[in-house]
Amino acid sequence: MDKTDKPEYPEAVQKEYSELIKKTEPKTPKTKTMLCAFAVGGLICCVGEAVKDVLDKLFTLTPVQLSAFVTAAMIFLGSLFTALGIYDKLGRKAGAGSIVPITGFANSVASSAIEHNREGVFFGICAQMFTVAGPVIVFGIVLSVAAGLIKMLILK
Amino acid sequence: MRMGNQTFMFEKPPYIIGASSVVGPKEAEGNFGEYFDLRLNDDAFGEKSYEKAECKMQKTAMESAVDRAELKFGDIDAILSGDISNQIAASSFAARGHDAVFLGLYGACATFGEAAILGGMLIAGGFMNRVVCASSSHFSSAERQYRYPLELGNQRPPSSQWTVSAAGAVVLSVNGGGPKITGGTLGKIVDFGVTDVNNMGAAMAPAAAECIYAHFAEAKRTPGYYDLILTGDLGKYGHGLARKLLKEKGLGMPPSFNDCGAMIFKEEQEAFQGGSGAGCCGAVFSGYIYKRMKEKKLNRVLIVPTGALLSKTSSEQGESIPGIAHAFSVEN
C-alpha cells in the first residue's frame, strides 16, 4: 500500500461510523432496568419509613430530630452494606434505584474509602474519600446557599 | 524480509519454546479454564493490594514460561513486557530482581503483540538469543484506575467489557523446536472518533480491520491460509464491527475469525461483550493457542491483539479513543 501524507480519517468516515454505532450498539433493556430501579428504590424508602416508625416508638423526638435520625441511620446502613460487599451487587441490578437514595451517597463515600485504604489514612482514605461523591457535595452546598439567599432576599 | 510498509516475514523465524499463563478465579471458570497453567482461587494472590497481585501474576507467568522452556532465568537476554497500569508499574516490578535487559512496552491491550513482534525481531536480527515476552492486566487494579471503586454500586452498560485478571508469557529462542513466529504486521493508530469509554470494541475495531487488511494485502495471503485468526479484545460487538469493516473493504472473513475477549468468558458470567485487558490475549495465547499448536490441532494462526490508547485524563478532556492493533503469525 502506498503511503499518504494524510493518515487522518476524514470527517465523513467518522460521522458514518458514529452513526453506525449509534444504530447498532447494544442498548440497555429500558423496561427491565426501570422496573428494577423502581422496585429497589421503593424498597429502600420503605426501609427508611420503617426505621422512622421504630425510632418514633422508641424515643420522644420532634419531627425535625426524627428526620435527622432517620437520615443518619440510613447512611449507616448504606455504609454497612457497602462494607459487607452487598451494595455493589445490588447496584449492578438496581442502578438508579440504589444510587439515588441517601444510602447510595453513603455507598459512594464508603466504597472510595475502602478502595484507597491501602494508600494510607491521609493520602488514601481522607484525600480520596470524596472522589465519587465530590460533585454531589459541591452541588448540594451551592444549591443550599442559593436557596438560602433566595429565602433571605426575596421571601424574607 | 520487509513485505510492505507494515508487514515483514522472518527469514530465520524465532521459536516459541515455552509459554505460561496465570489467571484469576473468574477467568478459570470461563471457556478456556482447563488450558490455563495456573488458576488462582484468590484474585489477590496472597498480596496486600491488587497492584502487587498483578505484578506477582506476571512474574509467576514469566518464571514458569522459562521453566517450561527448560531454561534458567539467567539464560534470558531480555524481558519485553507491558500492562495497562499507570507507568506500566506491574511489568517494571515483575522484572525487578532478574538479571536481564528490561524493555517496558505500552500498547494498551495490544501490548502482547507488540512484545512478541519486537522480541521476534531482536532474535531474528541476531541481536539476542532468548527473550521473554509478557503482558498482564488485573480487573481490580484496572477498575480503580480507569473507572470506579470496586464496591461502588454502579451499573455496567451492555456495551462494556470485563478487564481480565490474567498474565501470559512466552519465551522466544533462536533455536529449538515447536511453533515459530513467522512474521507480522505492525499497526498504525486509527481513530474513528469514538469517545465512549464504555464501548472500547467500537473504538478499536477500525484499527483491527486496518491491520488485518494490511497484513493480507502485503503478505499476499488469504484468510483461508490460517486455521484461526484471533483479534485481542474487541469483544462480541467490536468483533462484529471489525468483520463488517473488512467486508466493506472487500475482505470476507471466514468463521475461523474470532476474538480472545469474546471467547474467554461464558455467557452466564455477565461480562457483557466479553473480556478485555492486556492479559486477555497474552493468557489466551500462552494458555490455549500455544497448547493447541503443540498438539498440532492448530498449525497456522494469526493473532491480532488490539489496544485502546486512552488515558483517564484524555477521555475526561473529551478526546476520542485512538485504536491500535499489531498482527503476528505463528506457524508449526
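Small disclaimer: the values here were computed from a predicted structure and weren't measured.

*Asks:* Would you explain the overall build of chain B in this entry?
*Replies:* Broken down by element type, chain B carries ten helices and 16 strands. On C-alpha atoms alone, chain B measures out to a radius of gyration of 18 Å, which is about the 20 Å that the 2.2 N^0.38 rule sets for 332 residues. Dimensions of chain B, computed from the C-alpha atoms along their principal axes, are close to 50 × 50 × 35 Å. The buried share of chain B, reckoned over its 332 residues, is 64%. Look at the contacts in chain B between residues 6 or more apart in sequence, and 77% of them connect residues 24 or more apart. For chain B, the accessible area works out to roughly 11900 Å², and carbon and sulfur atoms hold 49% of it. Averaging the locations of the 32 positively and 35 negatively charged side chains of chain B gives two centres separated by 5 Å.

*Asks:* Before we go on, may I ask you to explain the packing of helix H2 (residues 30-58) of chain A against helix H4 (residues 87-94) of chain A in this structure?
*Replies:* A pair of packed helices can be characterised by two numbers: the angle between their axes and the separation between those axes. Residue and element names in this part refer to chain A. As a packed pair, H2 and H4 sit with axes 8 Å apart at the nearest point and diverge in direction by 135°. Overall, the two elements H2 and H4 adopt an arrangement that is oblique. When H2 is examined against H4, the residues Cys36, Ala37, Val40 and Ile44 are found in contact with a partner set consisting of Tyr87, Leu90, Lys93 and Ala94. Here the contact of H2 with H4 is composed, by residue class, of seven nonpolar, no polar and one charged.

*Asks:* Sorry if this is basic, but what is going on with helix H7 (residues 235-248) of chain B here?
*Replies:* Under the 1.5 Å per step criterion, the end-to-end length of H7 of chain B is 20 Å for 14 residues, consistent within 8% with the ideal 20 Å. Those residues of H7 of chain B that are buried are in contact with helix H1 (11-24) of chain A together with helix H6 (200-219), strand S10 (228-231), strand S11 (257-259) and helix H8 (260-264) of chain B. Within two residues after H7 of chain B, Gly250 of chain B carries a phi angle of roughly 90°, on the positive side.

*Asks:* Is there a simple way to think about unusual backbone geometry in this case?
*Replies:* One can expect most non-glycine residues to show negative phi and most peptide bonds to be in trans. All names here are of chain B. In this model, Glu70 sits at a positive phi of 55°, which is unusual for a non-glycine residue. Overall, Glu70 belongs to the exposed group, its relative accessible area being 73%. Within the chain, Lys296 stands out as a residue other than glycine whose phi angle is a positive 65°. Residue position: Lys296 is located in the loop between helix H9 (278-294) and strand S13 (300-304).

*Asks:* Got a minute to help me understand the domain arrangement of chain B in this structure?
*Replies:* Interface size is commonly expressed as the accessible area that is lost once the parts come together. Residue and element names in this part refer to chain B. In terms of domain boundaries, chain B breaks down into domain 1 (7-173) and domain 2 (180-331). For domain 1 and domain 2, the distance between their C-alpha centres works out to 17 Å. On the side of domain 2, 59 residues touch domain 1, which itself brings 57 residues to the contact. Summing the contributions of domain 1 and of domain 2, the shared interface buries around 4800 Å²; its carbon and sulfur component is 64%. Here domain 1 and domain 2 share one salt bridge between them. Across the pair Lys291 and Asp37 runs a salt bridge whose closest N-O atoms are separated by 3.1 Å. The interface formed by domain 1 and domain 2 contains 27 residue pairs in polar contact (both at pLDDT 80 or more). Elements with a minimum of two residues in the side of domain 1 that touches domain 2: strand S1 (7-9), strand S2 (15-23), helix H1 (25-28), helix H4 (111-124), strand S6 (130-137), helix H5 (139-146), strand S7 (162-163) and strand S8 (166-173). For the side of domain 1 that touches domain 2, the leading source of residues is S2, giving eight residues.

*Asks:* Got a minute to help me understand the side chain of His239 of chain B in this structure?
*Replies:* Mapped onto the secondary structure, His239 of chain B falls in helix H7. Those residues in contact with His239 of chain B, other than ones at most four positions away along the chain, are Thr231, Leu234, Phe257, Asn258 and Asp259 of chain B.

*Asks:* Looking at this model, I keep getting lost on the environment of Ile181 of chain B. Mind explaining?
*Replies:* Residues and elements named next belong to chain B. Looking at the element boundaries, Ile181 is found in strand S9 (residues 180-185). Ile181 sits in the buried class, given a relative accessible area of 1%. Between the C-alpha atoms of Ile181 and Thr111, which are 70 residues apart in sequence, the distance is 16 Å. Discounting residues that sit within four places of it in the chain, Ile181 has contacts with Phe10, Pro13, Pro14, Ile16, Ala116, Leu172, Phe328, Ser329 and Val330.

*Asks:* I'm lost on the pattern of salt bridges in this one. Help?
*Replies:* Scanning all chains against the criterion turns up 16 salt bridges over all chains. Of the charged contacts, one joins Glu270 of chain B and Lys93 of chain A as a salt bridge, the two residues approaching to 3.2 Å between their closest N and O atoms. Linking Glu270 of chain B in the loop between H8 and strand S12 (275-276) with Lys93 of chain A in helix H4, this pair reaches from one chain into another. Between Arg147 of chain B and Glu143 of chain B there is a salt bridge, with its nearest N and O atoms 2.8 Å apart. Connected via shared salt-bridge partners are Glu115 and Glu119 of chain A together with Glu51 and Arg144 of chain B.

*Asks:* So what exactly am I meant to see when it comes to the pairing of S6 of chain B here?
*Replies:* Looking along a regular strand, one sees the side chains alternate between the two faces of the sheet. Residues and elements named next belong to chain B. A large share of S6 lies buried, amounting to seven of its eight residues. Alignment of strand S4 (residues 78-83) against S6, held across six bridges, turns out to be parallel. Bridge pairing in S6 places Gly82 opposite Ser135. In terms of strand pairing, S6 meets S8 through eight bridges, oriented antiparallel. Counted as the bridge partner of Arg130 is Ser173 from S8.

*Asks:* I tried to follow the packing of H2 of chain A against helix H3 (residues 63-83) of chain A on my own but got confused; where do I start?
*Replies:* Residues and elements named next belong to chain A. Where H2 meets H3, the axes come as close as 9 Å, and the angle between the chain directions of the two elements is 130°. As far as their axial angle goes, H3 and H2 are oblique. Seen along the crossing, H2 lies across H3 with a hand that is right-handed. For the pair H2 and H3, the contacting residues are Ile44, Val47, Gly48, Val51, Lys52, Leu55 and Asp56 in the first and Leu66, Phe69, Val70, Ala73, Met74 and Leu77 in the second. In the contact of H2 with H3, the residues fall into ten nonpolar, one polar and two charged.

Cut-offs and rules
Residues numbered from 1 in each chain as written. Chains lettered and ligands numbered in written order. Predicted model: local features only at pLDDT ≥ 70, side-chain atom pairs only at ≥ 80, totals over all residues. Heavy atoms only, no water. Helix = DSSP H or I, 4+ residues; strand = E, 2+ residues; numbered from the N terminus. Rg over C-alpha atoms; globule rule 2.2 N^0.38 Å. Buried < 20%, exposed > 50% of the residue type's maximum accessible area, 1.4 Å probe, protein only. Contact = heavy atoms within 4.5 Å. Areas by Shrake-Rupley, 256 points an atom, 1.4 Å probe, with all protein chains shown as cover. Lys, Arg positive; Asp, Glu negative; His and termini not counted. Charge placed at Lys NZ, Arg CZ, Asp CG, Glu CD. Axes fitted to C-alpha atoms, helices over the stretch in contact; angles between N-to-C directions. Parallel < 35°, antiparallel > 145°, perpendicular 65-115°, else oblique. Nonpolar A, V, L, I, M, F, W, Y, C, P; charged D, E, K, R; others polar. Expected span 1.5 Å × (residues − 1). Domains from an automatic or database assignment. Buried area = accessible area lost by both parts, 1.4 Å probe. Salt bridge = Lys/Arg side-chain N within 4 Å of Asp/Glu carboxyl O. Polar contact = N/O pair within 3.5 Å; in protein donor to acceptor, adjacent residues only side chain to side chain. Pairing = 2+ DSSP bridges. Left-handed = near helix turned anticlockwise from the far one by under 90°.

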